[in-house]
2 protein chains.
Amino acid sequence: MIETRHLAGALTKANIDQHVTLKGWVQKRRDLGGLIFIDLRDRSGIVQVVFNPALSEEALAIAETVRNEYVLQVEGTVVARAQGTINEKMKTGEIEVTADKISILNASKTPPINVFEDKEISEDTRLKYRYIDLRRESMQKTIKLRHKTAQVIRQFLNQESFLEMETPMLTKSTPEGARDYLVPSRVHPGHFYALPQSPQLFKQLIMVAGFERYYQFARCFRDEDLRADRQPEFTQIDIETSFMTSDEIMEMSERMMQLVMKEIKGVALQLPLPRMTYDEAMSRYGSDKPDTRFGLELVDLSDLVKDSDFKVFANAVINGGKVSAINVKGEAASFSRKDIDKLTDFVKIYGAKGLAWVKVDENGFSGPIAKFFNEEAQASISERLNASADDLLLFVADQTQIVYDSLGALRQKLGKDLGLIDEEQFNFLWVTDWPLLEYDEDNGRYVAAHHPFTLPVAEDIDRLLAEPEKVKASAYDLVLNGFELGGGSLRIYQRDLQEKMFKVLGFSEEEANSQFGFLLQALEYGTPPHGGIALGFDRLVMLLAGKTNLRDTILFPKTASASDPLTEAPSTVSQSQLTDLHLSVLEPKNKHE
Amino acid sequence: MIETRHLAGALTKANIDQHVTLKGWVQKRRDLGGLIFIDLRDRSGIVQVVFNPALSEEALAIAETVRNEYVLQVEGTVVARAQGTINEKMKTGEIEVTADKISILNASKTPPINVFEDKEISEDTRLKYRYIDLRRESMQKTIKLRHKTAQVIRQFLNQESFLEMETPMLTKSTPEGARDYLVPSRVHPGHFYALPQSPQLFKQLIMVAGFERYYQFARCFRDEDLRADRQPEFTQIDIETSFMTSDEIMEMSERMMQLVMKEIKGVALQLPLPRMTYDEAMSRYGSDKPDTRFGLELVDLSDLVKDSDFKVFANAVINGGKVSAINVKGEAASFSRKDIDKLTDFVKIYGAKGLAWVKVDENGFSGPIAKFFNEEAQASISERLNASADDLLLFVADQTQIVYDSLGALRQKLGKDLGLIDEEQFNFLWVTDWPLLEYDEDNGRYVAAHHPFTLPVAEDIDRLLAEPEKVKASAYDLVLNGFELGGGSLRIYQRDLQEKMFKVLGFSEEEANSQFGFLLQALEYGTPPHGGIALGFDRLVMLLAGKTNLRDTILFPKTASASDPLTEAPSTVSQSQLTDLHLSVLEPKNKHE
């Protein structure tokens, strides 16, 4: 590149005595003893520029007019800083540029966000002035990390003979899954495209087309109510292969993550990654995406307490539920009765009726329910929980799902509150042997736990119609530090099995054909066995960057109400646009809804 | 990768005597002398597999049941083909695999498209069964070329310190440009997102944010009536930089194209690429995207014929138009009067009132209008057109734009019909010095020739308000073989100039603020000088692959009515989806419209 300019952050002692041209932003200006010091920032970093009347009165006079975030072109000479003025915290702190020429390329009003301060700013201001927020070092770093991560992943997949391919954004709306974003058609009145929730069916069709190895950084859309870790549009690393087994797909994904960890974090990831069945994850961690960086595991006591004098425990087991506990090791003294009341309120959020507890001391259990447990019962519970003096034992007795949800969440909260989590650690985990289906109580039917195209494990295929709840899926989720990083599965590749699956999901033949007829047809023309995985790219970047909010990984994210304070999207449109689309807007029934 | 399989197309004599496992599709089956020969195809190519009863009766029996496009797993031994049976046209033609085991992974009905034949198939069948169409060798090659081209471009831009970034798909609708695809908001009744026509404003904001070098393979959307070379969604290589001049941006783009040509076509592109002003392109080629692979240039004769006895010519010049001609060298005898009548009908499509012509022989001009030109006039016209015996001269006399449009189109047609175009040649050309504005007769106002954010050239900025039609833009288009490959410009980076531009375009202050207020505001917070370029990726791939239709470069394209025969998108949606979006569909006034 013909570049007549030097980069501020790249200047070193090697440049001393060179005359350089710099272009960038005023990070800070300081006036001191008749001199002016400007920290000039460009994409590479910052260098100190000094304006000295001895060198140029004119340049000094212009430098006096500049303010933070002005855009400057500066010419000057690189010099060593005097001993005592060297700034070791600064990459370019050994040198400075003595300016002989300056021109103001553009001015700036006083910015509503201080670029050089890393202080808390309201989300709304950050998004409205995103172009300033993004100038902050931590945002620049995250966006650069995002770029580098994408390139490392591409490099890996290209080497593995994957082809990067693009699937359509204007697709067909299908009833399964989350709510679609729709796009009205002008040419076909009353007809709509849907933005893809994922390229699932297209990537399967790419396998039918014989490409065998596909990937895409795919933009996906879900019109759902947003939470902190959701965005209406998000990016997924979408991978599909033919002729590979689950083990081969997992093994390949592991090597991809190994390369990412090495290139981005300098961490040597040991392979193979640990695996855990869904059932084990639920019973040990109360979660299908356990954070394994700390203990506090759930322990099942159902068999020990099924005949307990404490009827809450006994009845939970008799009614088909269970009793599990967490041993908060050595923390008995740290929790007052009031503290425990707060934990009780916490588990109630997850549907638990209460939180039973005992503290352990040399004499055994103490606390309100201690009396229900004789010495023998205490001994067997203590043994199971590895309990000893100074431990706090927390119990939930309820329906199984409630026990898992509430104790799982409580475990996560305690791990965080008690500082048990090593934030530097990256714990990857495969969760396998998922149930294929979940029973949807509200609609009285089965729904796909992943999606309706997931292949059941071979040994369960025969009982798909008879005992759908017992069928396991050929599915695997990749979990990192308690976050679901992604998931995948082998896919159904035979028409008759796909039809059975639709039947189990309550589709009539007509419904199946009108929604997914093209897929059923494709399965009849030489579809290879295939499967894949999709990883949440925004979330991966978030975890790699040590951020806690997805919005910090996305250049122009939306707020929790799916709007953009910067451009003010979504907005009203003209009547002629609506007329072109054959649409009219209904007045909302209740504006305060 | 743990792969227990060999790739069919990768087998060579080096594999002889190896026992291999293959997985792929039956390209063809032939039964011959008690043996069965199957051409087995996977993503790498094809190998011949032989089933011999001497080796396995059982495998032979199964092989007898397979048909084209069945998916097989085959085990066997690689052997050298006997002399005389070597197929030199086939990459694996020196060997074959003698099978001892076969299993059918999936069956196939008789495919509606023959994968091994490269014959014309109806577009509708191709799109409806796209997953079979894509198995054809030419489609596989194009999609692989698309992948490789993308990776070469990424490699180049990464090396130039560009960051790949993602801009939103759910954006704000703006009135300038083509028609937006809209996405109704569920959360904000009566409000809509727009799918981006390009990431123009976001990439400018990325420059405001100080990233300096951005790129993206950006999906863009235009709801326009489609032509053969348009798709409702398309991909553009979107590049933006800060602090670079037009020349620097063009120079960098040239090096990028040089790398692409080298890596994809093995062609050494000479730099710098030729440049031509817009005015020169129009007057010499009648086109702002001239195909310079052949001559037949337009020659302006206005000054020679302004006093001609042929009033059609004289009047065209007097009325402010012009007279130009093409010399169809040595082809006088090839065009009958009927042929010329057809050319006349052709230029009328472009608004020309007629096509004047003469043939040249030793005695001078002949033909209906020859009599209007005396010896002296003939000599001066002949000299200007470098005409000699056996040439056919074709004239259009009309308003300037009509002369350009009609003769430009005629030139292209003749170049093709007369076989003057070397299809192996890649002629790149920069077209520069574009007008900033065009006058829109229908709406009685100026519109931006590129877009409203284009920077005028420095010397014209002062006359933006007074003489907008004379202002040139800091814009450049890259043309390849008569196709606009892409275009770019420097952008306005100062608020007052952007406001003037909106004023020239007829925006009230209120309109400018309500549509583009966020941009105007951003320009006040330290916006660097910036500019960029966007290249049509689908079109680039089309030209590199030697295709003539954009649809052949896109995995799942739409038809001319923006629908997808495969998935049947767009489709009707449920009433509850519409209710969620606060919309009702209007009955079209005339269903046959």
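Residues numbered from 1 in each chain as written. Chains lettered and ligands numbered in written order. Predicted model: local features only at pLDDT ≥ 70, side-chain atom pairs only at ≥ 80, totals over all residues. Heavy atoms only, no water.

Trainee: Is there a simple way to explain the environment of Arg154(A) in this structure?
Mentor: Following the sequence through the fold, Arg154(A) ends up in helix 4 (residues 137-159). For Arg154(A) and Asp442(A), which are 288 residues apart along the polypeptide, the C-alpha to C-alpha distance reads 42 Å. The contact partners of Arg154(A), leaving out residues within four places of it in the chain, are Glu164(A), Tyr215(A), Phe217(A), Gln151(B), Arg154(B) and Glu164(B). Only 2.9 Å separates the side chain of Arg154(A) from the side chain of Glu164(A), close enough to count as a polar contact. (Helix = DSSP H or I, 4+ residues; strand = E, 2+ residues; numbered from the N terminus. Contact = heavy atoms within 4.5 Å. Polar contact = N/O pair within 3.5 Å; in protein donor to acceptor, adjacent residues only side chain to side chain.)

Trainee: What is the right way to look at the sheet that holds strand 9 (residues 213-221) of chain B in this model?
Mentor: Pairing between the strands of a sheet comes from backbone hydrogen bonds, and it takes one of two forms, parallel or antiparallel. Residue and element names in this part refer to chain B. Taken in spatial order, the eight strands of this open sheet run 6-9-10-22-21-20-17-11, and their pairing is mixed. Looking along the sheet, the strands with just one partner apiece sit at the ends: strand 6 (163-164) and strand 11 (275-277). Where strand 21 (residues 483-490) lies against strand 22 (residues 530-536), five bridges are found, and the strand directions are antiparallel. Residue pairing for strand 22: leucine 490 is matched across the bridge by glycine 531. Against the sheet, helix 5 (residues 200-208) engages strand 9, strand 10 (233-242) and strand 22, with an angle of about 25 degrees to strand 10. (Pairing = 2+ DSSP bridges. Axes fitted to C-alpha atoms, helices over the stretch in contact; angles between N-to-C directions.)

Trainee: Sorry if this is basic, but what is going on with the relation of the copies chain A and chain B here?
Mentor: There are two copies of the chain, and a rotation about an axis plus a shift along that axis relates them. You can overlay chain A on chain B at an RMSD of 0.0 Å; the transform is a turn of 180 degrees with a shift of 0.0 Å along its axis. Those values place the two copies in the arrangement expected of a two-fold rotation axis. Taken as a fraction of all interface residues of chain A, those also at the interface in chain B reach 100%, which identifies the copy contact as same-surface. (Least-squares fit on C-alpha atoms with pLDDT ≥ 70 in both.)

Trainee: Any chance you could explain the domain arrangement of chain A here in plain terms?
Mentor: Note on interface size: it is often stated as the accessible area lost on association of the parts. Per the domain assignment, the segments making up chain A are domain 1 (5-106), domain 2 (140-272 + 429-552) and domain 3 (294-421). The distance between the C-alpha centroids of domain 1 of chain A and domain 3 of chain A comes to 63 Å. (Domains from an automatic or database assignment.)

Trainee: Please explain the pairing of strand 18 (residues 437-440) of chain A as it appears in this structure.
Mentor: As a general feature of sheets, a regular strand has side chains that alternate between the two faces. All names here are of chain A. In this structure, strand 18 lies alongside strand 19 (residues 445-448), joined through four bridges in antiparallel fashion. Paired with tyrosine 439 across the bridge in strand 19 is tyrosine 446. Linkage of strand 18 to strand 19, two consecutive antiparallel strands, is achieved through a turn of four residues, within which glycine 444 is found at a positive phi near 60 degrees.

Trainee: Where do I start with the confidence of the model for chain A in this structure?
Mentor: Detailed reading of the predicted coordinates is not advisable wherever pLDDT falls low. For chain A, the mean per-residue pLDDT works out to 95, and 98% of the residues sit at or above 70. With a pTM of 0.95, the predicted complex shows an ipTM of 0.95. (pLDDT = per-residue confidence, 0-100.)

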